[in-house]
Amino acid sequence: MTSVANRTVASRLAGHHDLLVTGALGIAVLVVPILALTVPEGSALHLSTFSVTLLGKYLCFALLALAVDLVWGYCGILSLGHGAFFALGGYAMGMYLMRQIGDRGVYGNPILPDFMVFLDWQELPWYWWGFSSFPFSMAMVVAVPGLLALVFGWFAFRSRVNGVYLSIITQALTYALLLAFFRNEMGFGGNNGLTDFKEILGFDLQADATRVGLFVTTALVLIASYTVTRGVVSSRFGRVLVAIRDAEDRMRFLGYRTEHYKLWAFVLSGVIAGVAGALYVPQVGIINPGEFAPLNSIELVIWVAIGGRGTLHGAIVGAILVNFAKTWFTGLLPEAWLFVLGALFVMGTLFLPRGLVGLVSRRER
Amino acid sequence: MHRPVSTYVTFSCHHRIGAALRGGGVQRTLLCLALALVFGGAARASTDGFESMLGELAGKSFRRKSEAIQAIADSGHPAAPRILRALLESRAFFAPESERLLLDVADSGEGVVVDAITGEATRVAFESGRRKIVLNNAMRRLLRSLVARAGLASRDPRERRQAIKELMGRDDPEIQALLREALEIEQARDVRSLLETAIAIGALREDDADAGSDAEARLRAIEALSGSLHNESRIALDGLLTRLESRQSKSSEEEAQIGAIREAIDAIDRRKVGFEILETLFFGVSLGFVLVLAAIGLAITFGVMGVINMAHGEMIMLGAYSTWSVQQLMPHHLESSVLVAIPVAFLVSALVGVAIERGVVRFLYGRPLETLLATFGISLFLQQSVRTIFSPLNRAVASPSWMSGQWVLNDAFALNYNRLWIIVFSALVFAALIGVLHRTRLGLQIRAVAQNRAMARAMGVRGARIDAITFGLGSGIAGLAGVALSQLTNVGPNLGQAHIVDSFMVVVFGGVGNLWGTLVAGLTLGVTNKLLEPFAGAVLAKILVLVFIILFIQRRPRGLFPQQGRSAEA
Amino acid sequence: MSPEGVEGSDLLHGAILYLDGITVSFDGFRALDGLSLTIDRGELRCIIGANGAGKSTMMDVVTGKTRPDAGVAFFDRHHDLLAMSEADIAMAGIGRKFQKPTVFTNLTVRTNLELAMRDDRSVWRSLRARLDGEQRDRIEETLESIGLHLLADADAGTLSHGQKQWLEIGMLLMQDPKLLLVDEPVAGMTHQETERTAELLVSLAGGRSVVVVEHDMEFVRSIARRVTVLHEGRLLAEGDMESVQNDPRVVEVYLGTPC
């Protein structure tokens with residue numbers, strides 16, 4: 001028998017979705033630059049920079065949702081603190097962008113960002129060293145969230161903190177970081193965070209072409225991350241994760257160090273979330289402690305739940321749909337959005353346990 | 001019409017004689033006379049003259065107003081103490097377009113105004129058009145001293161104490177003499193010790209010239225102040241120490257005094273630190289009880305039913321809004337509205353809780369993470385509803401008078417009544433809950449379902465009904481927490497969000513399913529937080545506590561008091 | 001007692017599992033009270049005892065789920081069980097079958113067997129693991145022997161209770177343990193299934209050691225050569241079925257009362 005026979009109906013369906021997801025994103029990579037940059041502004045087909053940035057934001061959220069689905073959907077770890085990894089990645093990128101401002105800040109200090117001048121700091125704190133270099137900053141985008149996930153996960157999984165306990169302490173984690181980043185003494189701009197970015201790698205952040213470039217990068221990173229996570233969950237590693245989700249004790253008695261599997265899934269997820277944050281910051285132009293708010297972390301869980309957890313593509317679909325709905329509603333009826341979001345949480349869990357893609361794939365069967 | 005001063009003095013003292021005989025005896029009457037003489041000077045007064053003195057207050061010149069105040073005090077007019085006090089507390093004003101001085105009556109709410117001279121209530125309760133009397137700091141000082149002097153002769157020991165405090169640290173030898181006289185007749189022990197302190201402070205402040213002559217007395221005064229918690233004591237000791245130390249050559253007596261002062265100051269500082277720790281503990285315990293109150297409802301739903309109710313914070317919020325609404329409905333019964341709000345808040349939150357359980361949670365049993373998400377959705381829904389129905393803005397709930405103010409034990413230690421009441425309230429709620437769970441049939445059924453749902457059902461317990469009641473009970477207690485919180489902070493749509501993380505920490509730290517664990521955890525976290533605050537600041541203290549809990553959960557994943565045995569495995 | 005001391009003792013000669021003085025308390029209640037027990041290589045041992053006698057706790061200690069307050073536990077002469085994690089113990093060769101069948105409901109029957117198969121369990125290896133021909137053959141063989149080859153690609157969650165029991169036994173076969181702990185294997189089984197299970201357990205013993213905890217006395221009688229009776233966390237009696245049944249203490253505390 002071949003490994004093809006080993007595949008289940010579900011994974012064959014997933015293969016079919018792989019094509020759809022990567023295909024759609026690939027088309028976006030090709031079409032969006034054309035519509036935004038070459039189609040003239042008066043045309044109905046023209047994509048405004050605002051729309052491109054909005055789409056780019058959705059893709060960042062999709063990447064974040066992908067990260068959550070990997071741990072929640074496949075391993076049963078409901079993290080209510082993934083916003084922390086996202087924000088840390090964002091801050092690492094923000095620090096790079098701050099250093100790129102150079103002496104073009106309000107105070108014109110060539111070394112110190114404006115808020116440090118304002119706080120009357122004399123020199124750059126040590127943890128800001130190196131962030132003028134793009135490669136170093138990108139390494140930090142991966143390393144800082146990854147390290148936090150590694151340390152936190154190592155403690156948590158080793159001590160078998162799981163289920164709702166884990167959810168609650170991940171929430172505590174992001175809440176503690178929220179409070180910490182609000183403090184001016186931390187050296188990350190306090191309440192206001194980091195903003196007023198000028199350029200990335202020498203490209204003007206306000207320029208249309210840069211925005212389109214950021215969108216394309218985000219889409220490509222999403223395709224790559226999707227492919228990597230799909231590879232991971234289709235491997236035996238992925239089957240072990242599902243087995244841990246279903247019956248962790250049983251896996252231990254089969255000889256698996258379940259904490260190691262959970263830890264590495266968690267670290268990978270944290271890194272993806274960090275990268276999503278790093279891509280998000282140059283597009284929206286700001287990163288502040290609000291990104292650490294527990295509310296954000298819980299909200300992103302519902303994207304995954306609505307889309308359909310444990311599928312990967314469901315997370316992407318959910319993130320894009322829910323955020324599109326959010327944009328639409330907050331434009332139309334700002335007060336109503338929280339009602340809609342609340343209803344999504346309730347209805348989603350009650351009536352759509354397998355999410356939207358669950359509905360679709362049931363029909364296909 | 002001019003009457004001799006003595007007539008008025010006798011008159012004003014006469015009405016005190018009866019009281020003085022009951023309280024301090026004949027001596028106080030004599031003191032009263034002596035005071036009148038001190039006050040009296042050469043002042044003359046008549047009703048017309050008195051009115052014209054009051055009229056002076058409307059003027060702009062601070063000097064003339066000061067003179068008028070002194071004259072009012074010296075007049076010995078029966079209305080003088082009332083007027084001086086009202087002036088000091090900014091309750092005195094002139095009616096519009098008239099020379100009539102009116103006083104707001106303290107402690108009886110707004111709108112009650114009396115005539116300054118006759119003390120009769122009048123109906124002119126206008127807000128605009130009042131002409132307030134502008135005072136400067138020198139006038140305030142003068143007023144305070146005049147009021148204090150009058151207070152020394154009061155028959156109410158509380159007023160006497162207040163007066164002594166006002167007089168403490170004044171250099172005036174006349175006042176010192178007054179204080180000494182007062183000491184001779186004073187019988188209440190606490191007032192005596194206060195007088196002794198005040199006299200000792202006076203002794204330290206006296207001129208250096210004659211101080212040298214009575215080094216013995218000064219040493220005694222220093223010793224009397226050792227460990228005294230009044231701010232004035234410390235100031236007097238510090239002052240004398242600086243003066244003595246700045247001397248070129250010191251006599252052996254002065255050296256001895258310096259040593260004694262140092263010791264006295266040390267004793268003061270030690271006691272102050274002790275009281276500071278006590279105060280911190282009090283704040284910690286009161287914060288701890290707030291945490292406990294906010295968390296026990298959660299502990300019930302989480303521990304007994306295994307259900308995470310993310311809308312728990314909103315149950316607290318609903319309780320707080322209930323308190324506010326009750327207060328709006330009965331604006332004339334501020335004192336009792338909080339008491340009425342207690343059952344109302346409980347019922348409102350409990351009913352909403354039952355509705356949530358019946359409508360959503362019961363379909364999700366055995367799926368804790370889904371329950372968490374669904375109840376979070378409900379919490380968003382409730383928050384937005386409150387924003388729509390009431391307002392996105394915060395509402396302030398007024399505190400009844402029996403909950404405001406402080407219980408002042410000494411200059412270093414005072415307890416806020418609202419915090420004291422909240423401790424009492426939380427402790428009562430906790431005790432009641434323990435009582436319900438361990439002494440009633442319902443409690444037995446709840447515990448039975450918590451331990452073994454299937455077995456309880458087999459024994460005839462209606463699981464579904466118990467679930468709804470349990471959820472309602474937990475939510476209702478959250479409503480009670482809302483009543484308590486409304487007395488500490490403003491009521492707003494985000495009130496619940498602000499407390500939910502803390503509540504989870506308490507439950508998880510204490511160990512799920514153990515109410516005593518919740519109590520210990522809440523108090524521990526409250527006290528720890530407050531102990532850290534002086535060193536780390538409020539925010540960092542909170543972060544440290546969160547980090548501590550995160551680390552603690554790693555070591556003991558099931559909290560301080562874990563459930564053990566097979567039932568814990570489920 | 002040091003491991004060397006244990007190794008040197010006669011008791012350990014030929015023993016696969018050696019427990020001595022194991023004490024476990026929960027909240028002051030002693031679930032195991034100085035329990036000592038030796039299982040020989042290739043032995044099929046039945047352990048009986050009333051509820052709360054400590055049978056499950058004993059298994060928890062052996063598999064690393066519960067850490068005792070006192071005592072020593074050695075497996076296969078040189079493994080100190082009290083110093084090992086559950087996963088290490090499982091890899092050293094102790095398999096456990098729970099009372100309630102626990103299979104991975106969202107994975108196929110075949111994947112369940114694949115995950116149970118003796119193999120490198122490291123994370124890195126799992127990312128690149130491919131089944132070789134031999135491993136695939138073993139899975140097919142096991143599928144045959146537990147009678148689930150037709151359901152190989154069905155999700156394990158869709159199986160009936162009995163089929164799950166069999167899948168779990170199949171997983172234990174794939175795990176290929178030296179010592180197999182079986183908790184109430186025939187609970188909820190039909191008479192036929194019970195017989196088949198008895199056959200399977202007897203055939204397993206010899207190649208490996210099997211410890212069965214069971215309430216069903218008839219089943220115990222049908223398979224047991226040696227029986228251990230636990231009572232209140234202590235070893236009450238040990239011997240062949242007949243002598244145990246006639247032991248007055250056993251009669252008094254366990255067999256005397258209808259169960």
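No experiment lies behind these values; they were computed from the predicted model shown.

Moving on: the sheet that holds strand β1 (residues 15-26) of chain C. Backbone hydrogen bonds are what pair the strands of a sheet, in a parallel or an antiparallel way. Residues and elements named next belong to chain C. The strand order β2-β1-β4-β5 describes an open sheet built from four strands, whose pairing is antiparallel. Each edge of the open sheet is held by one strand with a lone partner, namely β2 (29-40) and β5 (79-80). Across two bridges, the pairing between strand β4 (residues 70-75) and β5 is antiparallel. Looking at β5, one finds that F75 is bridged to H79.

All names here are of chain B. One can read the domain layout of chain B as domain 1 (1-56), domain 2 (59-153), domain 3 (160-249) and domain 4 (274-401 + 418-569). Between domain 2 and domain 3, a total of about 760 Å² is buried, with carbon and sulfur atoms accounting for 69% of that surface. Interface area lost by domain 2 to domain 3 is led by A148, R149 and L152, which between them contribute 68%. Applying the counting criterion to the domain 2 and domain 3 interface returns zero salt bridges. Connecting domain 2 to domain 3 are zero residue pairs in polar contact (both at pLDDT 80 or more).

All names here are of chain B. In the sheet, strand β6 (residues 406-410) pairs with strand β7 (residues 413-416) via four bridges, with the strands oriented antiparallel. Looking across to β7, one finds that Q406 is bridged to N416. Counted along the chain from β6 to the antiparallel partner β7, the turn is two residues long.

All right, on to the interface of chain A and chain C then. In this complex, chain A contributes 28 residues to the contact, which on the side of chain C involves 37 residues. Across the interface of chain A and chain C, roughly 3,000 Å² is buried in total on both sides, 58% from carbon and sulfur atoms. Taken as a group, R236, R250 and F253 of chain A account for 30% of the area that chain A buries against chain C, more than any other trio of residues on that side. For R160 of chain A, the salt bridge goes to E86 of chain C, with nearest N and O atoms at 2.2 Å. At the surface where chain A touches chain C, the tally comes to 15 residue pairs in polar contact (both at pLDDT 80 or more). Secondary structure elements with two or more residues in the side of chain A that touches chain C: α1 (3-6), α9 (236-246), α10 (248-253) and α11 (258-284) of chain A. The dominant element in the side of chain A that touches chain C, judged by the number of residues it contributes, is α9 of chain A, at eight residues. Grouping the amino acids of the side of chain A that touches chain C by side-chain chemistry returns 14 nonpolar, five polar and nine charged.

What follows concerns the sheet that holds strand β10 (residues 234-239) of chain C. Residue and element names in this part refer to chain C. Here six strands make up an open sheet; going across it, the order is β6-β7-β8-β3-β9-β10 and the pairing mixed. Of all the strands in the sheet, the pair left with one neighbour each is β6 (94-97) and β10. The sheet shows a mean angle of 20 degrees between the axes of neighbouring strands, direction not considered. Strand direction decides the pairing type here: strand β3 (residues 44-48) and strand β8 (residues 209-213), joined by four bridges, are parallel.

What counts as what
- Residues numbered from 1 in each chain as written.
- Chains lettered and ligands numbered in written order.
- Predicted model: local features only at pLDDT ≥ 70, side-chain atom pairs only at ≥ 80, totals over all residues.
- Heavy atoms only, no water.
- Pairing = 2+ DSSP bridges.
- Helix = DSSP H or I, 4+ residues; strand = E, 2+ residues; numbered from the N terminus.
- Domains from an automatic or database assignment.
- Buried area = accessible area lost by both parts, 1.4 Å probe.
- Salt bridge = Lys/Arg side-chain N within 4 Å of Asp/Glu carboxyl O.
- Polar contact = N/O pair within 3.5 Å; in protein donor to acceptor, adjacent residues only side chain to side chain.
- Contact = heavy atoms within 4.5 Å.
- Nonpolar A, V, L, I, M, F, W, Y, C, P; charged D, E, K, R; others polar.
- Axes fitted to C-alpha atoms, helices over the stretch in contact; angles between N-to-C directions.

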